[in-house]
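Fold and geometry: a report
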Amino acid sequence: MTGPFQGVSVLELASGIAGPYCGMLLADLGADVTKAEPPHGDPARGSPAFHVWNRGKRSVIADAQSEEDRRTIRRLAGGSHVVIADLPPGQGEAVGLDYETLAGENPALVYCHMPPFGDKGPHAGRCSDDALVAAVGGVTGRQPSHSGAPVFVTIPASSYGAAMLAASAIGVALRVQERSGRGQKVTVSWVAGALAMQTGSLVGAQEWLSPLGLAPLLHQPQGVVPVYRLYKAQDDWLFLACGNPTFWAKLCIALDKPELVADPRFENAPWGVVNAPDREALYNIIAPILAEKPRSYWLEHFERSDVPAAPVLTRAEFIDDPQVVHNGMRVELDDPTLGHTVQMGIPLKFARTPGSIREAAPLLGQHSEEVLRELPARQEPRSAATARGHGDFALEGVRVVDLTNYIAGSLCPMFLADYGAQVTKVEPLQGDSFRMFGLGFMGWNRGKRSVTLDLTQREGQRLLRELVGQADVVVENFRPGVAQRLGADYETLAQVKSDIIYCSIAGHGETGPRAARPAFDPLLQARSGAMAAQGGHGQPPVYLDVAITDYSAALLGSYGIAAALYERERSGEGQRVVTSLTAATIAGQSGSFIFYEGKPEEPEGGPDFLGPSAACRCYQAADGWLFLACRSEEQWQALAYAVGRPELAQPHSWQTAASAPAQDGLGRVLEGIFGADTVDKWLARLDSAGVPCAPILGPLDLLTDEHLVANDLITDHKHAQWGLIRQTGVLVKLSRTPGCLQGPSPNLSQHTDEVLTELGYDQKEIARLREGRVVA
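First, a word on scope: everything that follows refers to the structure included in this document. Everything quoted here is computed from the prediction, not taken from an experiment.

Looking at the overall build of the chain
Looking only at helices and strands, the chain has 33 helices and 26 strands in total. Taking 776 residues into account, the globule formula puts the C-alpha radius of gyration at 28 Å, and the chain, at 26 Å, falls close to it. Once the C-alpha set of the chain is aligned to its principal axes, its extents read approximately 75 × 70 × 50 Å. The buried share of the chain, taken over its 776 residues, is 62%.

In structure tokens form, the structure reads like this:
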């Protein structure tokens, strides 16, 4: 077995999605992951997705409710580098499986706690259910619908975000463990995972947005921006993604409408057409043109014209896509339960320490005897007496050169800044093209320094090499060939700093049939089946407002860098790490990317999708919305009595309710019931009866929400241009080397003089560089 985490032992005390997926990500990179399960197994056993999230692990039966088994678990933890636990707040302490107890016998332990809602706040005790977390975390409330109602998003984005966020946090904490010999508690809630998938949307300035300004956006599930949305061609759907002025101009030429570029209504296209009548006018120009010819014609035409576009495909089609196969994201694995399977590959590539999939998901208790035989040989992973020192923050002293733009590239090093790294964003003289998003830019670039360099000039490239000579990490997301042209490729920079960690976040891939084509989040959403699945069979596809591809890529990039930094502590060597939007869009839908003979139909959404059934859906109360998530007969019975309608439990059993369409008869009955009272009153009544539920928060609620504030997930900054800024804070909590808020996003070139001075340049030399337009 290979990988940057080779030799790391992990004990997983988690079930469902977030914790097991985190464990899988570690196992794919070489960790020895032992999954401790109760006698009846992880409740997710039996679902196709279980066999993805639990591949490469060993399974032992150890029941946390049994004192004898708890002793076994504690012995396993005593010999582990990492424990992943998703026990509800207080339960770990009650059974002696909390951090303090386990660290008492293993001070070097990294204990990653993944409570769904966090460990404090008014929702901390809610049921462990991704749908409820999505409601509180804003995923449900922000998805556009025709009616303006919330939408149940079929992808469990909160859990996926938490898994990837936790994997990077564990990697960072392992590096601290390696340097200091000490462990710590790492807390990553599923709610934090939801926010990690929305950082650019959750930024507010004084009087930043009004409900009226947001309202039109909630009624266009195919997309708001006319040149960045879904269109129906003559026979099928495609997505246009003209995400900058260059692509907008190319689209006008491709449509034989060059006059649109000079049309005053569209002079600020693509993103600045904010007037609703102007947006509608542009849509009404484009839509009839595209409807005249088949999709295949337009895709070929747009490719020749360098206009970003993609077909809407299914997941089954995408897994066999030539680019997916080329990237190694399609693997075949024989599973002891399912037989021959096709699954997602490893979404991170390491040049020197590649990961590998050890084996398929284990049978329940398959390795119990093997693991128990090893217990006497297990040792505490590191002694504090032999360790080196470490700073106050997890990545203190780590220097990052950020050559990225857009979302996925920029957000990746922002997560590193939150761990205490010094991130210097190197921008062209005109700046990151996504600075036009203002507040959104702040959500992807907080805590960085900004310098401008013209890398088309030799002197600009020399300055970059000087920066890299003092750095530990380089991050880039150039299109293929650009880094080489600018002297910013790995081969060039590794000659300057041989132990550099160089992370590339590619579009479709570094090589392969579509490598040279432009890549944006919704293009991969469309190709990967995400839009088709949310739209539902035979219905128009839906553009997911949560940019699962971009945010997954950023999270994967930060995870890969954390793993490579840890490995460098042990080997002294750097390496190249690569991920892509193609890999990320699959990782952001991991549980759906498994295929085998006899696989049941994947759950799909539908138009204005409120939920999969009457028992699990959004309901409107008198003053807002709540989400109901009854998953058992007991919970359904409790609901019937809590709403004062015990007769509902008789003709409508749990099985009936779970299979009843959300908006059919039973759903209509419950709509009438919930509409008669307020959200708070229903929550109090349902909570007291033990019925799983949660309020649905909209985009305007999140930045001031009591629960998110209580969990320190929201922070305030003062910005020179925008004044008071409120946005997501440090989403990972580390007990010994806490996160580090390093201020708001920088203004363009704000730190150029400061950085050049650090490199040894005086003011006369800086003035010469500025006069020569090497710096801005």
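Here we look at the sheet that holds strand β10 (residues 309-311)
Spatial strand order, β8-β9-β10: 3 strands in an open sheet with antiparallel pairing. Each edge of the open sheet carries a strand with a single partner, namely β8 (228-232) and β10. Going across the sheet, the axis of each strand differs from the next one's by a mean of 25°, ignoring polarity. Judged from the 3 bridges that link them, strand β9 (residues 237-241) and β10 form a sheet pairing that is antiparallel. The residue bridging L240 from the neighbouring strand is A309, located in β10. Across the sheet, helix α12 (residues 276-290) lies against β8 and β9, angled at about 40° from β8, the strand it touches most. With respect to the sheet, helix α22 (residues 521-528) is in contact with β8, β9 and β10, its orientation differing from that of β10 by roughly 15°.

Here we look at the environment of P308
Within the element layout of this structure, P308 appears in the loop between α13 (295-304) and β10. Considered as a pair, P308 and C242 are 66 residues apart in the sequence and their alpha carbons are 6.0 Å apart. If we ignore the near neighbours within four places in the chain, the residues touching P308 are F239, L240, A241, C242, F247, R517, P518, F520 and L523.

Things to note about the packing of helix α1 (residues 18-28) against helix α8 (residues 157-180)
For the pair α1 and α8, interaxial distance at closest approach is 8 Å and the crossing angle is 45°. With respect to α8, the axis of α1 lies oblique. Viewed along their axes, α1 and α8 form a crossing whose handedness is right-handed. Where α1 abuts α8, its residues A18, Y21, C22, L25 and L26 lie against S159, Y160, A162, A163, M164, A166, A167 and I170. Partitioned by chemical class, the residues of the contact of α1 with α8 number 12 nonpolar, 1 polar and no charged.

As for the pattern of salt bridges
Evaluation of the coordinates by the stated rule reveals 48 salt bridges. The partner of K35 in a salt bridge is D42, and the shortest N-O contact between them spans 3.0 Å. Assessed through its relative accessible area of 0%, K35 is described here as buried. Counted as one network, the salt bridges with shared partners bring together D32, R58, R358, E370 and E374.

Side note on the pairing of strand β18 (residues 501-506)
A large share of β18 lies buried, amounting to 6 of its 6 residues. With burial as the criterion, each face of β18 is covered, one bearing I501, C503 and I505 and the other bearing Y502, S504 and A506. Note that β18 and strand β19 (residues 575-580) share 6 bridges and pair parallel. Across the sheet, Y502 pairs through a bridge with R576, a residue of β19.

Quick notes on the nonpolar core
In this structure, F5, L240, F302 and F627 are the most contacted members of the largest nonpolar core, which totals 175 residues. L463, Y490, V755 and V774 belong to the second-largest nonpolar core, a separate cluster that totals 29 residues.

Examining the sheet that holds strand β1 (residues 9-13)
The sheet built from 7 strands is open, its strands ordered β3-β2-β1-β4-β5-β6-β26 with mixed pairing. Looking at the sheet topology across the chains shown, the edges are occupied by β3 (57-61) and β26 (733-734). Bridge count between strand β2 (residues 32-37) and β3: 5 bridges; the pairing is parallel. Across the sheet, A36 pairs through a bridge with V60, a residue of β3. On the sheet, helix α3 (residues 67-78) packs against β1, β3 and β4 (82-85) and is oriented at approximately 150° with respect to β1. Lying on the sheet, α8 is in contact with β4, β5 (110-113), β6 (184-187) and β26; it crosses β5 at an angle near 160°.

So, helix α19 (residues 458-469)
Taking 1.5 Å per residue, 12 residues should reach 16 Å; α19 reaches 17 Å between its end C-alpha atoms and fits that length. Within α19 the residues assigned to the buried category are G460, Q461, L463, L464, L467 and V468. Down the axis of α19, the sector holding all buried residues measures 160°, keeping them to one side.

Let's talk about the pairing of strand β12 (residues 339-344)
Direction of pairing for strand β11 (residues 330-335) relative to β12: antiparallel, over a ladder of 6 bridges. If you follow V331 over to β12, its bridge partner there is Q343. Hairpin connection, β11 to β12: the antiparallel pair is bridged by 3 residues. Inspection of the sheet shows β12 paired to strand β20 (residues 594-595) by 2 bridges, in the antiparallel sense. Bridge assignment links V342 to a residue of β20, and that residue is F595.

Observations concerning unusual backbone geometry
Note the cis peptide between A269 and P270, where omega equals 10°. Mapped onto the elements, P270 comes out in the loop between α11 (245-254) and α12. If you check the backbone angles, D608 has positive phi at about 45° while not being a glycine. Following the sequence through the fold, D608 ends up in the loop between β20 and β21 (616-620). Its identity is not glycine, yet D712 carries a phi of approximately 55°, on the positive side.

Notes on the environment of F50
Relative to the assigned elements, F50 resides in helix α2 (residues 50-53). Each C-alpha atom of the pair F50 and W654 lies 24 Å from the other, and the pair is 604 residues apart in sequence. Apart from the residues lying within four places of it in its own chain, the contact partners of F50 are K35, D42, A44, R45, A361 and P362.

Points about the environment of Y543
Looking at where Y543 falls in the secondary structure, it is placed in the loop between α23 (530-535) and α24 (548-571). Distance from Y543 to P221, taken between C-alpha atoms, is 5.9 Å for residues 322 residues apart in sequence. Not counting chain neighbours up to four residues away, the residues in contact with Y543 comprise Q143, P221, Q222, G223, Y228, L230, F239, P522, Q525 and M531.

Some remarks on the packing of aromatic side chains
Within this structure, the stated rule accounts for 27 aromatic pairs. Ring plane angle 80° and centroid distance 6.1 Å describe the contact between Y228 and F520, whose orientation is recorded as edge-to-face. Of the two residues, Y228 sits in strand β8 while F520 sits in the loop between β18 and α22, which places them 292 residues apart along the sequence. Given the relative accessible area of 8%, F520 is considered buried. The side chain of K293 reaches across the aromatic face of W298, ending 6.0 Å from its centre.

Considering the packing of helix α26 (residues 633-642) against helix α29 (residues 679-689)
Close contact between α26 and α29 brings their axes to 9 Å; oriented N to C, the two are set at 135°. With respect to α29, the element α26 is oriented oblique. Considering the relative orientation of α26 and α29, their crossing is right-handed. Between α26 and α29, the contacting residues are A638, L639 and A642 on the first element and W682, R685, L686 and A689 on the second. Looking at the contact of α26 with α29 residue by residue, the class counts come to 6 nonpolar, no polar and 1 charged.

Looking at the state of the cysteines
Scanning the model with the defined rule gives 0 disulfides in all. This cysteine, C503, is not joined by any disulfide, and C412 carries the nearest cysteine sulfur, 5.0 Å off. There is no disulfide at C740, and the cysteine sulfur nearest it, in C412, is 17 Å away. For C740, a relative accessible area of 14% gives the class buried.

Calculation notes
Residues numbered from 1 in each chain as written. Predicted model: local features only at pLDDT ≥ 70, side-chain atom pairs only at ≥ 80, totals over all residues. Heavy atoms only, no water. Helix = DSSP H or I, 4+ residues; strand = E, 2+ residues; numbered from the N terminus. Rg over C-alpha atoms; globule rule 2.2 N^0.38 Å. Buried < 20%, exposed > 50% of the residue type's maximum accessible area, 1.4 Å probe, protein only. Pairing = 2+ DSSP bridges. Axes fitted to C-alpha atoms, helices over the stretch in contact; angles between N-to-C directions. Contact = heavy atoms within 4.5 Å. Parallel < 35°, antiparallel > 145°, perpendicular 65-115°, else oblique. Left-handed = near helix turned anticlockwise from the far one by under 90°. Nonpolar A, V, L, I, M, F, W, Y, C, P; charged D, E, K, R; others polar. Salt bridge = Lys/Arg side-chain N within 4 Å of Asp/Glu carboxyl O. Core = buried A, V, L, I, M, F, W, Y, C linked by side-chain atoms within 4.5 Å. Expected span 1.5 Å × (residues − 1). Arc of directions from axis to C-beta. Phe/Tyr/Trp six-rings, centres within 6.5 Å; stacked < 30°, edge-to-face > 60°. Lys NZ or Arg CZ within 6 Å of the ring centre and 35° of its normal. Disulfide = S-S within 2.5 Å.

These values are about where atoms sit, not about what they do.
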